[in-house]
Amino acid sequence: MSSPLSPDLLPKAFEPTGVEQRWAEYWHLHGFFHPDSAPVLADERPPFTVMIPPPNVTGILTMGHVLNNTLQDVLVRRARMSGHETLWLPGTDHAGIATQVKVERFLKESEGLTKHDLTRDEFVGRVWSWKERYGGIIIEQLKKLGASCDWERERFTLDEGLSAAVTEVFVRLYEKGLIYKGYRIINWSPLGKTALSDEEVIHREVEGHLWHFAYPLSDGSGRSITVATTRPETMLGDVAVAVHPDDERYSDLVGQMVRLPLVDRLIPIVADAFVDPAFGSGAVKITPAHDPNDFEVGQRLGLPQIVVMNPDGTMSPEAGAYAGLDRFEARKAVVAAMQDAGRLILIEPHLHSVGFAERTGEAIEPYLSEQWFVKMAPLAEPALQAVRDGRVRFHPERWTKTYEHWMTNIRDWCISRQLLWGHRIPAWTTADGRLIVARTEAEAQAEAGDGVAITRDPDVLDTWFSSWLWPFSTLGWPEQTDDLKAFYPTNDLVTGPDIIFFWVARMIMAGLEFTGEAPFRDVYFTGIIRDMLGRKMSKSLGNSPDPLALISTWGADGLRAGILLIAPQGQDIRFDEASVEVGRNFANKLWNAFRFLHGHIESSVTYAAEPPAELELVDRWMLSRLNSAAAAVEGAMAKYRFNDAISALYDVSWRDFCDWYIEAIKPRLFADDPEAKRRTVGLALAMYEKIVALLHPFMPFITEEIWHLMRPRPDGASLCISPVPTADPSRIDEVAEASWGTIQSLIVAVRNVRAERNVAPSRPMELVINAPDDAAVELVQQNLGYLERLARVGSVTISVGEAAPEGAVSTVVDGLEVHVPLAGLIDVAAETARLDKEIAKLTGLADGIERKLSNAGFVAKAPAEVIEKERDKLTGYRADLDKLTAARARLG
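What you see is a predicted model; the values in this text were computed from it and never measured.

Draft legend 1. Layout of the sheet that holds strand β6 (residues 194-196). Spatially, β6-β5-β14-β16 is the arrangement adopted by the four strands of the open sheet, whose pairing is antiparallel. The open sheet has two edge strands, β6 and β16 (413-414), and neither has a second partner. Bridge analysis of strand β5 (residues 179-189) against strand β14 (residues 365-374) gives 10 bridges, and the strand direction is antiparallel. The residue bridging I179 from the neighbouring strand is V374, located in β14. Across the sheet, helix α8 (residues 292-301) touches β5 and β14, and the angle it forms with β5 is around 145 degrees.

Here it is, written out as structure tokens:
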């Protein structure tokens, strides 16, 4: 081994910026993240595959991305270190409406153009140019976070291969009768003039009104029926009034006709069980072309559909005198006209949910429109069964019920969008109206016949239609590529629960339908990142920090560790930058521990692969704690409890190794015994190297840096491909942990005495210990050196059954009476008050247990082991009380 660098040449604090850039370039240069699919096929160890949830090509890194991708990276790096051929495939989504809106805004600001000033091909060409210039920002940001994706396999949902998969799926589903074109109610954006997915609609509670109108019966009796509505302008398209079949108030009116005010159209009063008798008057207007529930009623009862609105949100000719008015102006006009006609009965405030277009911001319109749809029920049934029988598992498991509810109440999926950017629908029509679906225009022309003019459908597919194929289209499907054979099905999916319907469920459906296998085994749903007030982070609220700024300030490892330490499984996270500071401080603690050990490395030091046979108690304790931590990490990761895993490593690194073990071994490192020093340094370095390797998936940059500085490595070596340490059960020593735990408690107790009484560190303290037995005496005597040094004790007297010195501060530690003579050290009155308080506390605890044990009901119902445990606690409390009472008496 070459001579080590002087610790003076190492920065006193970890400096992440240069380290992160250097190791990111090193990993990329050596291709550590790029698996070879061919050897995997013959490898006994199965490959490990994760597909990144593709962020929008317009996106930038958010705190949600930080959490999601850090969790994925932990899984992937740990699998890679476990010897799996590992693929984490990255990519971006073309994000149809988001990208088109952004490019339209860009064209207007930079060139003063709109999409209408360009042909379709010209506009799409401009979007591709924009994508090439700005579309890779988030990918570069993920690299800064340390994401160990196979960047050579990066995909885009509009790539040629993925586009071919989209066309193939569309054609197959159409040929199977699962895709159709028809009129249904969809989310409509009047500004964007396109259908929207549910995911692109943000629902907000809005303070609106409920207008009550009187519709007159047509029988000339002068009677009327009152209906309530939140959208008066749609009454112009009413085709019926509905009541509940069991509502006795209206039983005699069912079947009669009313005259629709303002339009003078006769419409029937019908009965349908969907009506809530408690809402409004119990009678509701039915407008099938402008409300999804009304549409279903109309389908059941065979009612007509009257569209009274144009695609741009103005009223259509069917609206009569209100044609051409904006929908909201029409609302005011209708209310005024009904008031003038004496038909406005009541206006009341009404809080209700209104959908708004995520990108354009306007209120969406439930709208009857001819669109393309996928029949979902036949696809949903096998996907539901895959979760029920455990082929796909959700973590936390509670999301299974949410999934089941949605899948058993699934509706057909509107897949067409009136946009220019996206996958064109592979459908053509002939002049005589024949519809042709084909994989290519040449196939469509051949089916239409020579010389027959065909026109391609102008719409594009919903962005999710390419995303639901992501796990297998990215691997070359429908071709049976080596990648597809090697890496599909994938292992884990990490995503947010807000897209369990839009993406997760659909991927399961597509995987089963087109490959015969579920696309992944386990799905981990992250929590939502919120601010300290519990608000979801957003740009509009200004409460979302810039992750790159956090990385610049605290380092990528600090950000990763900080957010993982506060992220329990599946729970929402209240984020504060202080947590990232904790992560940075953790990195510095690791760095300083390395700097200290590095200063003691000599050429003769060897890293103890197998610890020497003769070990001191503190060595056995540290080995046990380290292997216990490794076991805890293995158990936590198997249950997707990332927070528990990093917490176990945080504790064993900071508290056990840095704060206790390094301090405990310092006398050996500075003593005049070269052999003892060599063994001690070798053992400490071996344990520290294991800690560093266990931490690598969580904090990759600092661990890679320390790993290379610890000793020379061959060219091309990396911690990221080194074996992940596993727990050695033979080194887990419960006796050593308990014994050193007693020594730790003694040291802490003495430190507390010193701190509570403001005894200067330079003043030696005498210690008198009364042990319960000879074994306790031996334990303390064998570790007197640690006690004297770490507790800064001048002398220690230990015996069994000896009387305590007069005027001493006393406490009890694991059955040991610990006395610190007071002479010249403490305020006797203050110590008397402390003992009185402690005696009162223990008396209350003991009395509480006595009351419990004297309760016949408790004794009769509680298990025997619980009762025995309570009795043991009582015995311990009483013994400690006797000792504290005696100590109190000695103070006078």
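Draft legend 2. Quick peek at the pattern of salt bridges. Evaluation of the coordinates by the stated rule reveals 50 salt bridges. For E705, the salt bridge goes to R22, with nearest N and O atoms at 2.4 Å. Residue E705 is found in helix α23 (residues 700-710), and its partner R22 is found in helix α1 (residues 16-29); the two are separated by 683 residues along the sequence. You can call E705 buried: its relative accessible area is 10%. E663 is the partner of K666 in a salt bridge, and the nearest nitrogen-oxygen pair spans 2.8 Å. Here K666 and its partner E663 are both found in helix α21 (residues 642-670), three residues apart, which amounts to about one turn of the helix. Judged by its relative accessible area of 19%, K666 is buried. According to the relative accessible area criterion, E663 is partly exposed, its value standing at 27%. Three or more residues joined by partner-sharing salt bridges are found here, namely R625, R655, D656 and E737.

Draft legend 3. Structural context of the packing of helix α19 (residues 577-598) against α21. The geometry of α19 relative to α21 is characterised by a closest axis approach of 11 Å and an angle of 25 degrees between their N-to-C directions. Judged on the interaxial angle alone, α21 and α19 are roughly parallel. Between α19 and α21 lies a crossing whose hand is left-handed. The residues of α21 that touch α19, namely those facing V582, N585, F586, K589, L590, A593, F596 and L597, are L649, Y650, S653, W654, F657, C658, D659, I662, K666, L669 and F670. Class assignment for the residues of the contact of α19 with α21 results in 14 nonpolar, two polar and three charged.

Draft legend 4. Expanded view of the packing of aromatic side chains. In this structure the tally under the stated criterion is 37 aromatic pairs. Considering the side-chain rings of W413 and W468, the 5.1 Å spacing of their centres and the 85 degrees angle between planes classify their relative orientation as edge-to-face. You can see W413 sitting in strand β16 and its partner W468 sitting in the loop between α13 (463-467) and α14 (470-473), a full 55 residues away along the chain. A residue is classified by how much of its surface remains accessible, and W413, at 4% relative accessible area, is buried. The buried category is assigned to W468, whose relative accessible area is 0%. A centroid spacing of 6.3 Å and a plane angle of 20 degrees characterise the contact between Y524 and Y640, whose relative ring orientation is stacked. You can see Y524 sitting in strand β23 (residues 522-525) and its partner Y640 sitting in the loop between α20 (617-638) and α21, a full 116 residues away along the chain. For R77, the ring lying beneath its charged end belongs to W27, and the centroid distance is 4.5 Å. When the ring centre of F356 is taken as reference, the NZ or CZ atom of R204 above it lies at 3.9 Å.

Criteria and cut-off values
- Residues numbered from 1 in each chain as written.
- Predicted model: local features only at pLDDT ≥ 70, side-chain atom pairs only at ≥ 80, totals over all residues.
- Heavy atoms only, no water.
- Pairing = 2+ DSSP bridges.
- Helix = DSSP H or I, 4+ residues; strand = E, 2+ residues; numbered from the N terminus.
- Contact = heavy atoms within 4.5 Å.
- Axes fitted to C-alpha atoms, helices over the stretch in contact; angles between N-to-C directions.
- Salt bridge = Lys/Arg side-chain N within 4 Å of Asp/Glu carboxyl O.
- Buried < 20%, exposed > 50% of the residue type's maximum accessible area, 1.4 Å probe, protein only.
- Parallel < 35°, antiparallel > 145°, perpendicular 65-115°, else oblique.
- Left-handed = near helix turned anticlockwise from the far one by under 90°.
- Nonpolar A, V, L, I, M, F, W, Y, C, P; charged D, E, K, R; others polar.
- Phe/Tyr/Trp six-rings, centres within 6.5 Å; stacked < 30°, edge-to-face > 60°.
- Lys NZ or Arg CZ within 6 Å of the ring centre and 35° of its normal.

It is worth stressing that arrangement in space is one thing and function is another; only the former is reported here.
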